[in-house]
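# Overview (structure and organization)
Below are the chains, spelled out letter by letter.
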Amino acid sequence: MPSKERMAGSGQVSNFGPDNPKEWETFTSSSISTLVNWLDFNDTEWITTATVNPGNPLAYYNMEEGGSGTTLTDRSQEGAGLNGVISNGAWSTDEKKSGTYSLEFNGSSTSVEIDELCDDMVDVGWSVGFWVMTADTSTAEKTIFCINSNTSTIRVWLGMTGGYVKVWDTAYRGYEWDRQINDTEWHHIAMVYIDGTPGIYRVYIDGALDTTYENASLSVGASDLFTLGAYYSGGSLTSFWDGYMDDVVVFDSAITSQQVKDLYNNGGTPPDLTSATIAANDVVLQAVCKVTDREWGPFYGHPAMAPIWETKNGKKAAKFLRGEYLTGSLTAGSYTQPTTIITALQLDSTGTLTQQEYEHIYDGDDATYRQLLYRQQDDLLAWAGTTNFTMDKTQHTSGSLDIVSVGFNQRGSYMNAYITGSTIRNSNTNIGAAALQGFTIGARYTIQTSRGPNRFSGSVAEVLIFDDDISMDDHLLATTYLADKWKIFKEENIDAILEPDDTPLSTTFDILD
């Protein structure tokens with residue numbers, strides 16, 4: 001039988017358990033007077049979505065040429081015949097990612113030139129993907145592909161230097177390259193260019209965002225030269241790839257992070273794009289605050305930078321894969337502390353290969369950074385201008401939704417961090433007195449700095465922002481509303497709930513399976 005539970009916000013008693021789930025239908029934007037921003041990714045009245053559908057590839061090269069010849073055949077369903085000309089290449093059956101063959105590059109003279117490919121990459125976003133393997137562990141500069149405006153000038157170059165995958169146009173572009181690939185193993189490399197002013201480069205390694213640059217200026221010309229394995233400098237080819245390539249694909253649109261993951265296919269056999277293509281994604285193009293009508297959206301409204309609209313626990317949430325974020329302004333422009341931010345969110349179990357130093361879940365500013373919730377290794381931390389405070393649970397939300405609440409209460413403040421009923425209080429740590437200004441979800445606002453790519457990997461279902469250090473009753477009202485709506489009841493995360501004076505509450509949440 002369910003135990004008796006005090007109804008949050010009223011002092012009454014109600015049954016709350018698996019036999020009588022309380023839906024908290026009375027929770028509205030006026031239920032708690034200090035609620036100033038409310039984003040609900042399940043409420044279609046307040047969410048605008050778009051579909052990113054890359055369709056068939058512009059070109060697809062699966063390297064299945066029968067082990068002979070100097071033609072790299074375009075086998076995409078588009079049938080445009082964008083074939084490449086191979087110079088000094090060899091076909092390998094020993095090292096291949098799929099099928100029977102890969103193309104071996106000798107590191108000194110092998111290249112593939114694909115005429116007319118750039119004709120379909122003018123004034124649009126585009127995406128390229130490759131399976132590559134190095135022949136040795138050399139850290140020398142090596143080209144994966146390059147677009148030259150002529151035989152001397154680089155438009156954009158993607159290659160390896162120091163073992164890291166980097167982008168060059170007039171300088172190296174990107175921040176905090178995370179992984180080296182000069183290990184003689186197969187790696188999936190993808191580059192996505194989002195056309196705009198400014199343009200955006202994104203580089204993925206094995207399905208995960210490795211680096212990004214959001215101030216690009218790129219203009220591909222119809223007669224530009226597209227070359228695999230080398231680039232033109234001073235009228236001749238140089239910086240040759242030394243190793244192997246397989247399953248090269250080009251789209252004439254910017255694809256999403258999820259679609260890059262689909263190409264990677266968890267490291268397994270690449271999808272056969274001669275007869276299939278990657279699935280379309282619905283994304284959250286705009287989220288509107290249910291209190292103020294303020295709008296949150298991706299950088300310059302680009303759909304490829306919007307979070308995926310996915311189903312979580314039977315409802316719709318926003319999924320972030322380190323390449324997406326939403327940003328918007330608050331109704332008053334600024335809220336001094338105290339403030340309380342409650343989120344229903346899930347941290348992904350990203351694994352050590354793609355674990356970056358930080359993952360910024362949200363940032364309460366639209367100019368620098370002020371009230372942060374972020375992940376470092378296995379911990380969640382909060383920061384408000386002075387120092388951070390680490391929650392004392394590790395991996396507490398990995399793989400499933402949870403409720404995380406942080407109270408920011410100026411210098412010498414306490415911070416409340418409620419995780420599905422558990423309470424962590426600290427009255428000594430000075431996390432800082434920074435005010436709440438704007439709100440960015442999935443990233444720290446300073447996107448164009450060295451911290452830019454350290455973005456969130458996980459899902460956000462709902463966000464409640466209060467212009468106050470809300471009472472325990474109000475907190476219980478908000479968290480039980482979220483817990484029941486999103487079915488967030490996990491025994492291992494439920495501890496004794498504390499009253500405002502730090503004495504234990506007499507009851508705890510019942511568990512809903």
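Residues numbered from 1 in each chain as written. Predicted model: local features only at pLDDT ≥ 70, side-chain atom pairs only at ≥ 80, totals over all residues. Heavy atoms only, no water.

## A short note on the overall build of the chain
Per the secondary structure count, the chain includes two helices and 36 strands. In the chain, which comprises 513 residues, the proportion classed as buried is 58%. Relative to all contacts within the chain whose residues are 6 or more apart in sequence, the contacts with residues 24 or more apart total 68%. (Helix = DSSP H or I, 4+ residues; strand = E, 2+ residues; numbered from the N terminus. Buried < 20%, exposed > 50% of the residue type's maximum accessible area, 1.4 Å probe, protein only. Contact = heavy atoms within 4.5 Å.)

## Focus on the side chain of T440
Along the chain, T440 turns up in strand β35 (residues 439-441). Here T327 takes part through its side chain, which lies 3.0 Å from a polar atom of the side chain of T440. (Polar contact = N/O pair within 3.5 Å; in protein donor to acceptor, adjacent residues only side chain to side chain.)

## Regarding the pairing of strand β16 (residues 187-194)
Burial within β16 is extensive, with eight of its eight residues counted as buried. Of the two faces of β16, both are covered, the one formed by H187, I189, M191 and Y193 as well as the one formed by H188, A190, V192 and I194. Two elements, β16 and strand β17 (residues 199-205), share six bridges in a ladder whose sense is antiparallel. Bridge pairing in β17 places I194 opposite I200. From the end of β16 to the start of β17, which pair antiparallel, there are four residues. (Pairing = 2+ DSSP bridges.)

## A closer look at the sheet that holds strand β14 (residues 164-168)
In spatial order, the strands read β6-β7-β10-β19-β12-β13-β14-β15; together these eight strands make up an open sheet with antiparallel pairing. Each end of this open sheet is capped by a strand with a single partner; those strands are β6 (71-72) and β15 (172-173). Note: strand β13 (residues 154-161) against β14, five bridges, orientation antiparallel. Its bridge partner being in β14, W157 is matched across the sheet by W168.

## Here's the deal with a negative patch on the surface
A cluster of like negative charges, contributed by E78, D115, E116, D119, D120 and D252, occupies part of the molecular surface. Looking at the secondary structure, you find D115 in the loop between β10 (111-114) and β11 (126-134). For D115, a relative accessible area of 51% corresponds to the exposed category. (Patch = residues over 30% accessible without salt bridge, like charges linked within 9 Å, V, L, I, M, F, W, Y side chains within 5 Å. Areas by Shrake-Rupley, 256 points an atom, 1.4 Å probe, with all protein chains shown as cover. Salt bridge = Lys/Arg side-chain N within 4 Å of Asp/Glu carboxyl O. Lys, Arg positive; Asp, Glu negative; His and termini not counted. Charge placed at Lys NZ, Arg CZ, Asp CG, Glu CD.)

## Brief notes about the nonpolar core
Of all hydrophobic cores here, the largest spans 46 residues; its most connected members are L117, W126, F145, L158 and F226. For this core, the element with the highest residue contribution is β11, accounting for four residues. One finds Y362, A382, F439 and F456 within the second-largest nonpolar core, a separate group that totals 35 residues. (Core = buried A, V, L, I, M, F, W, Y, C linked by side-chain atoms within 4.5 Å.)

## Concerning the packing of aromatic side chains
Summed over all chains, the structure comprises 15 aromatic pairs. Measuring from ring centre to ring centre gives 6.2 Å for W126 and F145, while their planes differ by 85 degrees; the resulting arrangement is edge-to-face. Here W126 is found in strand β11, whereas its partner F145 is found in strand β12 (residues 142-148), with 19 residues between them in sequence. Judged by centre distance (6.4 Å) and plane angle (50 degrees), the rings of F299 and Y325 are tilted. Taken together, the residues F299 in the loop between β24 (295-296) and β25 (308-312) and Y325 in the loop between β26 (315-321) and β27 (326-328) connect sequence positions 26 residues apart. For the pair F299 and Y325, one class covers both residues: buried. (Phe/Tyr/Trp six-rings, centres within 6.5 Å; stacked < 30°, edge-to-face > 60°.)

## Here we look at the pairing of β17
Counting buried residues along β17, seven of its seven residues qualify, which places the element largely inside the surrounding structure. By the alternation rule, side chains of β17 split into G199, Y201, V203 and I205 and I200, R202 and Y204, which are all buried. Relative to strand β18 (residues 208-216), β17 runs antiparallel, the two being bridged by six bridges. If you follow Y204 over to β18, its bridge partner there is L209. The antiparallel hairpin formed by β17 and β18 contains two residues in its connecting segment, where D206 sits at a positive phi of about 50 degrees.

## So, helix α1 (residues 257-264)
Counting buried positions along α1 yields six of eight residues, so the element is predominantly enclosed. Downstream of α1 by one or two residues, N265 has phi in the positive range, about 55 degrees.

## Some details on the side chain of S257
Mapped onto the elements, S257 comes out in helix α1. Assessed through its relative accessible area of 1%, S257 is described here as buried. A polar atom in the side chain of S257 sits 2.5 Å from the side chain of E324. Beyond its immediate chain neighbours, meaning those up to four positions away, S257 contacts R202, Y204, L321, G323 and E324.

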